[in-house]
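Results of the structural survey
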Amino acid sequence: MAQKRTFQDYEADDDPKKKSKTGEIIREDKQQERDPKRNPYLAHMYNSEDEEDGGVGLNGFASNGQAFNNTYHSYTRGKSLDSFTRHRTTSAQASKAEDGPENPFTGNPLSEKYFGILKTRRNLPVHVQRDEFLKLYQETQILVFVGETGSGKTTQIPQFVLYDDLPQNRGKLVACTQPRRVAAMSVAQRVADEMDVTLGEEVGYNIRFDNKTSSQTILSYMTDGMLLREAMNDHDLKRYSTIILDEAHERTLATDLLMGLLKEVALRRPDLKIIIMSATLDAQKFQTYFALEEDKQAPLLAVPGRTHPVEIFYTEKAERDYLEAALHTVLQIHATEPEGDILLFLTGEEEIEDACRKINLEVDEMIREADAGPMKVYSLYGTLPPHQQQKIFEPAPPPSRPGGRPGRKCIVSTNIAETSLTIDGIVYVVDPGFSKQKVYNPRARVESLLVSPISKASAQQRAGRAGRTKPGKCFRLYTEEAFRKELIPQTYPEILRSNLASTALELKKLGIDNLVRFDFMDPPAPETLMRALEELNYLACLDDDGELTVLGRLASEFPLDPALAVMLISSPEFYCSNEMLSLTALLSVPQIFVRPNNNRKRADEMKALFAHQDGDQLTMLNVYHAFKSPEAQANPKQWCHDHFLSLRALQSADNVRTQLKRIMETNEIQLMSTPFEDKKYYENIRKALVAGFFMQVAKRDGTGKTYLTVKEEQSVLLHPSTVLASDAEWVLYNEFVLTSKNYIRTVTVVKAEWLLDIAPTYYNIDDFKKGDVKTALIRADERIRRKKALKGSR
DNA sequence: ATATGAGAC
């Protein structure tokens with residue numbers, strides 16, 4: 001049992017700088033005069049490219065292959081913007097237009113609801129600085145905007161831009177990117193309401209599988225990945241007059257690539273305005289990165305947020321066991337602190353479920369013995385089905401009897417509550433200081449998840465979750481010294497922690513010739529880039545000069561890992577593109593098999609119904625075909641439940657399949673099947689797998705259970721979930737799972753002859769060092785030669 | 001003899 005600790009053991013952090021900021025405008029670095037042709041302020045004096053050829057900006061493509069409407073806006077607009085001169089407007093002008101009576105963008109009368117929202121909008125912190133914003137926006141090409149939570153930046157800044165940029169007059173639109181789909185959708189809806197327009201008309205959103213924009217759209221919220229896809233087909237993003245990158249501090253892979261790309265586009269398109277929006281105070285990095293001239297930083301505008309102060313407490317000594325300390329702290333809050341909900345950050349599903357059980361037990365005891373108030377404990381993590389995630393928004397339980405101690409809820413969550421989900425009513429945050437993070441080892445070519453200390457920025461974000469509705473408290477289960485000295489300032493951006501094979505292919509398609517010289521905000525390790533290029537070269541997506549091949553160009557059209565894309569594109573050679581289409585989709589969605597802890601045996605029995613002795617991929621395909629049968633489709637929900645399958649995963653695979661099929665058709669890749677009665681039906685599929693995944697093959701090590709991966713010679717085990725009996729000599733795997741042991745998961749039996757035949761460059765026998773693998777390959781090669789000789793002599 | 005964070009095209 002941990003020693004009881006009182007809150008006096010925590011040291012209150014009274015450094016005022018760590019408490020919430022009071023707002024003042026930080027304005028730096030006015031843009032210098034430069035060549036008038038490059039000066040956007042003077043751009044109206046020159047014919048810009050898009051004015052000469054009119055529609056050129058409108059021929060962009062969405063990744064789903066739908067062409068955007070190539071006509072100028074033909075609908076009636078209001079007259080209140082007629083007197084506006086682009087990039088010369090003031091907030092007073094805009095406010096007047098906003099006040100009505102007619103909608104400036106549609107000409108329709110404005111609703112009562114609109115005026116209600118307008119009132120709240122004008123109370124947002126950003127509103128005070130509208131003129132400041134406009135001035136900077138007008139005089140510079142790239143602007144860094146820092147707005148803390150609650151400043152209104154995501155909803156208001158794009159509207160401020162609309163009133164000054166007037167994209168509707170030039171057949172253009174304004175883009176605002178978000179790292180997450182839900183954010184793009186919900187913000188678009190909110191802004192459509194604020195502007196009194198129908199979602200999908202003037203204001204829309206564009207995310208994978210759901211494009212709610214039209215030819216009338218002048219403001220589009222979209223995922224950063226979506227804009228990146230679009231850039232692959234239009235390197236200059238000509239449809240857009242202003243591009244706003246929101247939540248840039250999250251440093252997603254797509255945001256990082258877009259930033260590098262936009263820096264280049266800015267030089268080619270002086271008429272394009274760019275705004276980088278971030279919640280971090282580390283704005284300096286963005287300013288320096290976006291300096292288009294030497295020694296000149298990009299200008300910055302900072303707007304305060306609207307949050308309540310959060311008092312920070314640290315432990316006096318380092319905690320040996322953060323889990324125990326976390327539980328103890330939660331219980332102590334419940335026993336001694338006033339009303340308010342608790343948010344505890346842990347690292348993963350199992351840890352969270354375990355903690356919830358323990359808290360429940362302890363709270364029951366507190367209620368019995370100390371008359372504590374009731375507490376409802378909720379777990380929260382990404383793989384939880386949405387309806388269960390929604391439960392966290394239920395109100396806290398009432399006192400168990402009239403006049404009794406107040407009830408509260410306690411949410412035990414992964415990082416999902418740090419960025420993606422905000423829960424109002426949280427007053428206490430318990431932060432043990434860890435999260436699971438992806439790490440990539442280029443030498444082993446393996447990504448894995450590791451429980452690691454969080455960054456200072458992350459810790460601040462977590463603390464902020466306590467101050468959304470009223471002043472709160474954050475209990476950090478580490479010392480103040482550890483916070484100051486041991487935590488890194490920012491979480492390493494994703495680009496430094498990932499396999500970059502896809503990224504490298506995307507950059508090539510984006511027209512970046514020399515990846516090593518690409519201006520990354522944080523350049524990845526050269527070894528990681530080299531690995532990626534090497535992988536693409538083996539996949540024949542890049543030739544030996546590093547140029548995109550026809551195959552590479554095709555592969556980049558698919559929203560897939562290069563190996564999956566190559567597998568799919570090659571599949572007609574093996575007469576099974578229909579089947580590979582299904583399999584590719586299945587391999588790019590979450591696990592389809594469900595295995596609840598209390599019913600593992602039954603789940604395994606159900607899986608056995610679909611098992612194919614030669615591999616898990618074939619088994620998955622059997623599942624998919626059964627799922628599509630009329631019998632299953634009559635009641636898919638029941639059918640999936642009965643067979644321990646994830647309906648969500650299978651539906652999502654279906655969605656992906658439809659998208660991939662469309663891309664296949666657009667690129668005239670033949671769709672075909674080997675007849676099911678043909679004895680080569682499954683063999684052809686296994687060969688097609690080799691065409692993409694020949695680099696992920698392992699050979700059995702002697703007669704034991706261990707396998708060795710072919711080139712890296714890592715010792716691995718077949719994952720216990722496999723349908724394979726462990727005596728196949730060669731197996732191809734789709735996933736390398738690094739946990740307590742090295743496992744390969746989703747495996748299929750293959751033949752050495754196929755490897756030599758289908759991937760001769762990778763399996764060039766001379767390149768292998770002496771050993772078991774080489775010997776086996778030589779023997780297979782001899783078998784092939786004998787067969788050929790036999791054929792020849794007949 | 002089974003460990004996965006959250007997000008995206």
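Residues numbered from 1 in each chain as written. Chains lettered and ligands numbered in written order. Predicted model: local features only at pLDDT ≥ 70, side-chain atom pairs only at ≥ 80, totals over all residues. Heavy atoms only, no water.

By the naming in an unreviewed UniProt entry, chain A is RNA helicase, taken from Gomphillus americanus. The record in UniProt for chain A states the following under Sequence similarities (unreviewed entry): "Belongs to the DEAD box helicase family. DEAH subfamily. DDX15/PRP43 sub-subfamily." (UniProt positions renumbered as here; feature names shortened; annotations may be inferred.)

To continue, consider the environment of Leu755. For Leu755, the location among the structural elements is in helix H28 (residues 752-758). Overall, Leu755 belongs to the buried group, its relative accessible area being 0%. Put simply, Leu755 and Asp561 are 194 residues apart on the chain and 20 Å apart in space, counted from C-alpha to C-alpha. Not counting residues up to four positions away in its chain, the partners in contact with Leu755 are Val690, Val697, Trp730, Val750, Pro760 and Tyr763. (Helix = DSSP H or I, 4+ residues; strand = E, 2+ residues; numbered from the N terminus. Buried < 20%, exposed > 50% of the residue type's maximum accessible area, 1.4 Å probe, protein only. Contact = heavy atoms within 4.5 Å.)

This next bit is on a positive patch on the surface. A cluster of like positive charges, contributed by Lys679, Lys680, Lys751, Lys787, Lys788 and Lys791, occupies part of the molecular surface. Inspection of the secondary structure assignment puts Lys787 in helix H29 (residues 772-793). When its relative accessible area of 63% is taken as the criterion, Lys787 is described as exposed. (Patch = residues over 30% accessible without salt bridge, like charges linked within 9 Å, V, L, I, M, F, W, Y side chains within 5 Å. Areas by Shrake-Rupley, 256 points an atom, 1.4 Å probe, with all protein chains shown as cover. Salt bridge = Lys/Arg side-chain N within 4 Å of Asp/Glu carboxyl O. Lys, Arg positive; Asp, Glu negative; His and termini not counted. Charge placed at Lys NZ, Arg CZ, Asp CG, Glu CD.)

Turning to the pattern of salt bridges, a few remarks are in order. In total, this model carries 46 salt bridges according to the counting rule given. Here Asp431 and Arg462 are joined by a salt bridge, their closest N and O atoms 2.7 Å apart. Placement of Asp431 in strand S14 (residues 426-431) and of Arg462 in helix H15 (residues 456-464) is noted, with a sequence separation of 31 residues between them. The class for Asp431 is buried, based on a relative accessible area of 0%. The partner of Arg686 in a salt bridge is Asp614, and the shortest N-O contact between them spans 3.3 Å. On the criterion of sequence distance, the pair formed by Arg686 in helix H27 (residues 681-693) and Asp614 in the loop between helix H22 (600-610) and helix H23 (616-628) is long-range, its members being 72 residues apart. In terms of burial, Arg686 and Asp614 fall into one category: buried.

Turning next to the pairing of strand S2 (residues 142-147). The buried fraction of S2 is high, at six of six residues. Burial along S2 is two-sided: the residues Ile142, Val144 and Val146 and Leu143, Phe145 and Gly147 are all buried. Both S2 and strand S8 (residues 273-278) contribute to a ladder of five bridges, which runs parallel. Directly across from Leu143, in S8, lies its bridge partner Ile275. (Pairing = 2+ DSSP bridges.)

Here we take up the sheet that holds strand S18 (residues 697-700). Read once around its circumference, the closed barrel built from five strands follows the order S18-S19-S20-S22-S21, with strand pairing classed as mixed. Sheet twist, expressed as the mean angle between neighbouring strand axes with direction ignored, is 50 degrees. Here strand S20 (residues 715-718) pairs with strand S22 (residues 742-750) via two bridges, running parallel. Pairing of Leu717 across the sheet is with Tyr743, part of S22. Packing of H29 onto the sheet brings it into contact with S18 and strand S21 (730-738), and relative to S18 it is tilted by some 95 degrees. (Axes fitted to C-alpha atoms, helices over the stretch in contact; angles between N-to-C directions.)

This next bit is on the packing of helix H5 (residues 130-139) against helix H6 (residues 153-165). Contact geometry of H5 with H6 gives a least axis separation of 11 Å together with a crossing angle of 60 degrees. In terms of orientation, H5 lies oblique with respect to H6. The element H5 and its partner H6 pack so that their crossing is right-handed. Packed against H5, whose contacting residues are Arg130, Phe133, Leu134, Tyr137 and Gln138, the element H6 presents Ile157, Gln159, Phe160, Val161, Tyr163, Asp164 and Asp165 at the interface. Residue classes in the contact of H5 with H6 are distributed as seven nonpolar, two polar and three charged. (Parallel < 35°, antiparallel > 145°, perpendicular 65-115°, else oblique. Left-handed = near helix turned anticlockwise from the far one by under 90°. Nonpolar A, V, L, I, M, F, W, Y, C, P; charged D, E, K, R; others polar.)

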